Amino acid sequence: MPKATIQDIIVRKKKIPSPIVTEKEQFPPGGGSNLPPYERKYGEEETPPKRRLYVMAFIAVISFAFLLFALSMFFVSATITVYPKQKEILINKSVESSKSGGTGLAFDTVTLSAKESITAPLTGTKEIKKKATGIIIIYNAYSSKPQKLIKNTRFEATDGKIYRIDSSIIVPGESLVSGKTVPGSTETVVSADEAGEKYNIGKTDFTIPGFKGDARYSKFYARSKTDMEGGFIGTIYSLSDEDEASAKTTLRGRLSESLLNDARKNIPPDFILYEDAMFFDFSDIKTSGKEGEKTITVEETGKLYAVIIRRALLSKFIAESEISDLEGMPVSSPTLANLSLSIKNKELVDTSNINNLTFTIVGTTTIVWDFDKKSLVDNLLGKPRKNFHAILAGYPGIMRADLSLTPFWAQVLPKKLEEITVKTVVE
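Residues numbered from 1 in each chain as written. Predicted model: local features only at pLDDT ≥ 70, side-chain atom pairs only at ≥ 80, totals over all residues. Heavy atoms only, no water.

1. Considerations on the overall build of the protein chain
Then comes step 1: Each helix and strand in the protein chain was counted, giving six helices and 22 strands.
Then comes step 2: Contacts in the protein chain between residues far apart in sequence, at least 24 positions, make up 76% of those at least 6 positions apart.
Then comes step 3: Of the roughly 27,600 Å² that the protein chain leaves accessible, carbon and sulfur atoms contribute 53%. (Helix = DSSP H or I, 4+ residues; strand = E, 2+ residues; numbered from the N terminus. Contact = heavy atoms within 4.5 Å. Areas by Shrake-Rupley, 256 points an atom, 1.4 Å probe, with all protein chains shown as cover.)

Spelled out as structure tokens, the structure:
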């Protein structure tokens, strides 16, 4: 019997063709995909074609740029850099001036004062004679009429020492107070008849020797209000001539510096003060301290008389003197400090009555033509950029100007004052 052959039986499945799907069917307008999941490629389940993405991105960028452009037009700002007309002037001129402004260049004055003190050594000695002094009360029990006592009237103490009044006085007459007669009285200073410590006494009673033999002698009298003191004869330490000179030099140096600093701080900003337009005046020194000590306080007072000129007037005076074609244009000068101003015959000026002076002005300064900044801004508000130079032509004091707008593509200037900045450049 023949052998049977066993073979694998392979059953072939009938191939079913895939349906043809168009791009529109595959990617419908609402997004997503119509392909069955087993025929979609990885990563493209919900993704539109690349060209659609590009179109959408382009539209977004354009929209954003347009939005920025539109918003920027609401935030326009402008900066105007102005270069005014200017001219350098070399001047050497004398001018008669008055405080009233009636002639030449008007000026004003400022007076300042200061006080300084230092402690100085007492290296010198001197012989002194001092009289004792004190206060007495003089009584008039003689009559109701006042009594005049002349300068140097003598008053005798109970111990016989004589003291005198330093000036004439009037002693009031007696009066009735509550039915009782009360002597008139007055106080005055008396000085010992002679120098020396023996006249330093305590409180006591006094008579008037000049009234002896007169009814007034017993009715006019005096009593001490204070002790008599200060009488001295001898050698004491003193301020030597060298120490006094040194103290004066130190004090006047300090006073000058202090007064000058005060002047610079207190001069109004629209005025200018020149170094040679100042006068210093110093008082005599005063000393204070106790006798017998080795040091003394030296004090001095100083005054400064400053002649000041309004900057606008000085600028105008220089411009009108040196510029022929000024034509009444307003000007200023930021470099007036470069000039020197001196006063003729300064040593002869009476500082208590400064009314007329002769100035000599020397140096180089820059005259700058002024322009009305507010008017310029008002005329530029909301104007087209192209009109900028035409508007500038109405300001002859401006040599040239630059305009900068933010954003740079803006073609119209802002409509608000605070959005326009004007910078002035003096070259």
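2. Side note on the environment of Pro 209
Then comes step 1: Here Pro 209 shows up in the loop between strand E12 (205-207) and strand E13 (220-224).
Then comes step 2: Overall, the relative accessible area of 12% leaves Pro 209 in the buried class.
Then comes step 3: For the pair Pro 209 and Glu 156, spaced 53 residues apart in the sequence, the C-alpha separation amounts to 6.7 Å. (Buried < 20%, exposed > 50% of the residue type's maximum accessible area, 1.4 Å probe, protein only.)

3. What to know about the confidence of the model for the protein chain
Then comes step 1: Averaged over all residues, the pLDDT of the protein chain equals 86, while 83% of them reach at least 70.
Then comes step 2: Below pLDDT 50 for its whole length, residues 40-46 participates in seven contacts with residues either more than four positions away or in separate chains. (pLDDT = per-residue confidence, 0-100.)

4. A short note on unusual backbone geometry
Then comes step 1: The peptide bond linking Thr 406 to Pro 407 adopts the cis configuration, its omega dihedral lying at 0 degrees.
Then comes step 2: As for its placement among the helices and strands, Pro 407 is situated in the loop between strand E21 (398-406) and strand E22 (420-424).
Then comes step 3: The backbone of Ser 178 sits at a positive phi, close to 55 degrees, despite the residue not being glycine.
Then comes step 4: Mapped onto the elements of the fold, Ser 178 is located in the loop between strand E9 (175-177) and strand E10 (180-182).

5. A look at the side chain of Thr 81
Then comes step 1: Mapped onto the secondary structure, Thr 81 falls in strand E1 (residues 77-84).
Then comes step 2: The exposure class of Thr 81 is buried, given its relative accessible area of 18%.
Then comes step 3: For Thr 81, the residues in contact, after removing those within four places along its chain, are Arg 400, Ala 401, Asp 402, Lys 423 and Val 425.

6. Notes on helix H5 (residues 373-380)
Then comes step 1: Those residues of H5 that sit buried are Leu 376, Val 377 and Leu 380. Axial view of H5: buried residues confined to an arc of 95 degrees, hence all on one face.
Then comes step 2: On its buried face, H5 sits against E1, helix H6 (388-392), E21 and E22.
Then comes step 3: With a side-chain oxygen positioned 3.2 Å from the backbone nitrogen of Lys 374, the residue opening H5 is Asp 372. (Arc of directions from axis to C-beta. Polar contact = N/O pair within 3.5 Å; in protein donor to acceptor, adjacent residues only side chain to side chain.)

7. Quick notes on the sheet that holds E22
Then comes step 1: Read across the sheet, three strands follow the order E21-E1-E22 without closing on themselves; strand pairing throughout is mixed. One side of each edge strand has no neighbouring strand; the edge strands of this open sheet are E21 and E22. Strand-to-strand, the axes of this sheet are offset by a mean angle of 20 degrees, without reference to chain direction.
Then comes step 2: Packed onto the sheet, H5 meets E1, E21 and E22 and runs at close to 140 degrees relative to E22. (Pairing = 2+ DSSP bridges. Axes fitted to C-alpha atoms, helices over the stretch in contact; angles between N-to-C directions.)

8. As for the nonpolar core
Then comes step 1: Leu 314, Ile 318, Phe 359 and Ile 361 are the most contacted members of the largest nonpolar core, which has 30 residues in total.
Then comes step 2: Broken down by secondary-structure element, the contributors of at least two residues to this core are strand E2 (86-98), strand E15 (271-282), strand E17 (295-310), helix H4 (311-322), strand E19 (340-343) and strand E20 (356-369).
Then comes step 3: With near-sequence residues (within four places) excluded, Leu 314 lies in contact with Leu 105, Ile 272, Tyr 274, Ile 309, Leu 336 and Ile 361. (Core = buried A, V, L, I, M, F, W, Y, C linked by side-chain atoms within 4.5 Å.)

9. Topic: helix H3 (residues 241-266)
Then comes step 1: Along its 26 residues, H3 runs 37 Å from first to last C-alpha, staying within 8% of the 38 Å computed at 1.5 Å per residue.
Then comes step 2: Buried within H3 are the following residues: Asp 243, Ala 247, Leu 251, Leu 255, Leu 259, Leu 260 and Ala 263.
Then comes step 3: Those residues of H3 that are buried are in contact with strand E3 (108-121), E15 and E17. (Expected span 1.5 Å × (residues − 1).)

10. Some words on the packing of aromatic side chains
Each aromatic ring pair is specified by the distance between its two centres and by the angle formed by the two planes.
Then comes step 1: Taken as a whole and judged by the stated rule, the model has eight aromatic pairs.
Then comes step 2: On the numbers, 5.8 Å between centres and 75 degrees between planes, the contact of Phe 107 with Phe 359 is edge-to-face. Taken together, the residues span a long stretch of sequence, with Phe 107 in the loop between E2 and E3 and Phe 359 in strand E20 at a distance of 252 residues. Like Phe 107, the residue Phe 359 is buried in the burial classification.
Then comes step 3: With a centroid separation of 5.9 Å and an interplanar angle of 85 degrees, the aromatic rings of Tyr 163 and Phe 206 are classed as edge-to-face. You can see Tyr 163 sitting in strand E7 (residues 162-165) and its partner Phe 206 sitting in strand E12, a full 43 residues away along the chain. (Phe/Tyr/Trp six-rings, centres within 6.5 Å; stacked < 30°, edge-to-face > 60°.)

11. Some remarks on the side chain of Ser 240
Then comes step 1: Within the fold, Ser 240 resides in the loop between strand E14 (232-238) and H3.
Then comes step 2: In terms of polar contacts, Ser 240 uses its side chain to reach the side chain of Thr 123, at 3.4 Å.
Then comes step 3: If we skip the residues at most four places from it in the chain, Ser 240 touches Thr 123 and Gly 124.

12. Looking at the pairing of E1
Then comes step 1: For E1, the buried fraction is high: six of the eight residues fall into the buried class.
Then comes step 2: Across eight bridges, E1 lies against E21 in antiparallel orientation. For Ala 78, the partnering residue across the bridge sits in E21 and is Leu 405.
Then comes step 3: Here five bridges tie E1 to E22, and the two strands are oriented parallel to one another. Counterpart to Thr 81 in the pairing with E22 is Lys 423.

13. A look at the environment of Gly 253
Then comes step 1: Within the fold, Gly 253 resides in helix H3.
Then comes step 2: By relative accessible area, Gly 253 is classed as partly exposed at 40%.
Then comes step 3: Separated by 137 residues in sequence, Gly 253 and Glu 116 have C-alpha atoms that sit 9.9 Å apart.

14. A short note on the pattern of salt bridges
Then comes step 1: Within the structure shown, the criterion is met by 14 salt bridges.
Then comes step 2: The shortest N-O distance in the salt bridge between Arg 216 and Asp 214 comes to 3.2 Å.
Then comes step 3: According to the relative accessible area criterion, Arg 216 is partly exposed, its value standing at 21%. (Salt bridge = Lys/Arg side-chain N within 4 Å of Asp/Glu carboxyl O.)

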